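Observations on the three-dimensional arrangement
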Amino acid sequence: MKKIAVFPGSFDPITIGHEAIVRRALSLFDEIIVAVGANALKKSFYPLAVRKEMIKKVFQNEPRVRVDHYEGLTVDYCKKSSASYLLRGLRTAADFEFERAIAQVNKAMASEIETVFLLTSPEHSPINSTIVRDIIRSGGDASLFVPTSIDLNEYKGEED
Ligand code: ADP
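Residues numbered from 1 in each chain as written. Predicted model: local features only at pLDDT ≥ 70, side-chain atom pairs only at ≥ 80, totals over all residues. Heavy atoms only, no water.

Examining the pattern of salt bridges
The final tally for this structure, using the stated rule, is 12 salt bridges. When the shortest N-O distance is used, the salt bridge between Glu62 and Arg64 registers 4.0 Å. Judged by its relative accessible area of 32%, Arg64 is partly exposed. A salt bridge links Arg88 to Glu99, with the shortest nitrogen-to-oxygen separation between them at 2.8 Å. With a gap of 11 residues between them, Arg88 in strand E4 (residues 85–90) and Glu99 in helix H4 (residues 93–109) connect regions that are remote in the sequence. Comparing Arg88 with Glu99 shows no difference in burial state: the two are buried. (Salt bridge = Lys/Arg side-chain N within 4 Å of Asp/Glu carboxyl O. Buried < 20%, exposed > 50% of the residue type's maximum accessible area, 1.4 Å probe, protein only. Helix = DSSP H or I, 4+ residues; strand = E, 2+ residues; numbered from the N terminus.)

Regarding the sheet that holds strand E3 (residues 65–70)
The strand order across the open sheet formed by 5 strands is E3-E2-E1-E4-E5, and the pairing between neighbours is parallel. A single partner strand is all that each edge strand has here, and the edge strands are E3 and strand E5 (114–119). Averaged over all pairs of adjacent strands, the angle between their axes in this sheet comes to 30°, without regard to strand direction. As judged from the 2 bridges shared by strand E1 (residues 4–9) and E4, these two strands associate in the parallel manner. Considered in E4, the bridge of Ala5 is made with Tyr85. Sitting on the sheet, H4 is in contact with E4 and E5, with an inclination near 170° to E4. (Pairing = 2+ DSSP bridges. Axes fitted to C-alpha atoms, helices over the stretch in contact; angles between N-to-C directions. Contact = heavy atoms within 4.5 Å.)

Things to note about the packing of aromatic side chains
If you walk through the whole model with that rule in mind, you get 4 aromatic pairs. Residues Phe29 and Tyr85 carry aromatic rings whose centres are separated by 5.2 Å and whose planes lie at 45° to one another, so their mutual orientation is tilted. Taken together, the residues Phe29 in the loop between helix H1 (16–25) and strand E2 (31–37) and Tyr85 in strand E4 connect sequence positions 56 residues apart. Taking relative accessible area as the criterion, Phe29 reaches 5% and is therefore assigned buried. (Phe/Tyr/Trp six-rings, centres within 6.5 Å; stacked < 30°, edge-to-face > 60°.)

With respect to the site of the ligand
Close to the ligand lie 16 residues; Ser10, Gly89, Thr120, His124 and Ile127 are nearest. Here a nitrogen atom of the ligand and a backbone polar atom of Ile127 are 2.8 Å apart. The protein chains hide 86% of the 550 Å² of surface that the ligand would expose on its own. Broken down by secondary-structure element, the contributors of at least two residues to the shell around the ligand are E1, H1, E4 and H4. Of the residues belonging to the shell around the ligand, the class tally is 5 nonpolar, 7 polar and 4 charged. (Near = heavy atom within 4 Å. Polar contact = N/O pair within 3.5 Å; in protein donor to acceptor, adjacent residues only side chain to side chain. Areas by Shrake-Rupley, 256 points an atom, 1.4 Å probe, with all protein chains shown as cover. Nonpolar A, V, L, I, M, F, W, Y, C, P; charged D, E, K, R; others polar.)

Focus on the pairing of E5
Two faces make up the sheet, and in a regular strand the side chains alternate between them. In this sheet, E5 lies alongside E4 in parallel orientation, the contact comprising 6 bridges. Note that in E5 the partner of Arg88 across the bridge is Phe117. With respect to chirality, the unit in which E4 leads through H4 into the neighbouring parallel E5 is right-handed. (Right-handed = clockwise from strand over helix to strand, strands pointing away.)

Okay, structure coming up:
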């Protein structure tokens, strides 16, 4: 059976930390679905379509990575996509505590789905989408923190 993993997140925007986790996980899974959680109540900086477009660009030469979005429970999306694995990245002890609760609750809801964690590379541990958005909002250059294939000047974020 094909090993399919879902990598869920906001990806607002995708960073080099996210990219590295997906590329490393390609040695573990046959297919990875980068799934953007579409939360109608949570306002994002980049619209859903833009976030998906950026991720597609990053993995355009990687046929084993698919980009999609979903609403509702992540485990329901996994079942719908025939994915038996949930992929998450861990940066810090705070990430661990947060992720532990989510993974344990997901396991209680859907015991057939395993969450797999990859520890971030040390150079990526301080990088998160919130900081990247703050740099962009303040007129700084965030290109160091986003994948090289993305030109942030091509996209316009929404102020909140
Ligand atoms: P969420 O909205 O769920 O916080 P994110 O888009 O921030 O989603 O992140 C999705 C996943 O990527 C999470 O598992 C998160 O821990 C991981 N991640 C985010 N930034 C990094 C990074 N710099 N290095 C490794 N993993 C990361």
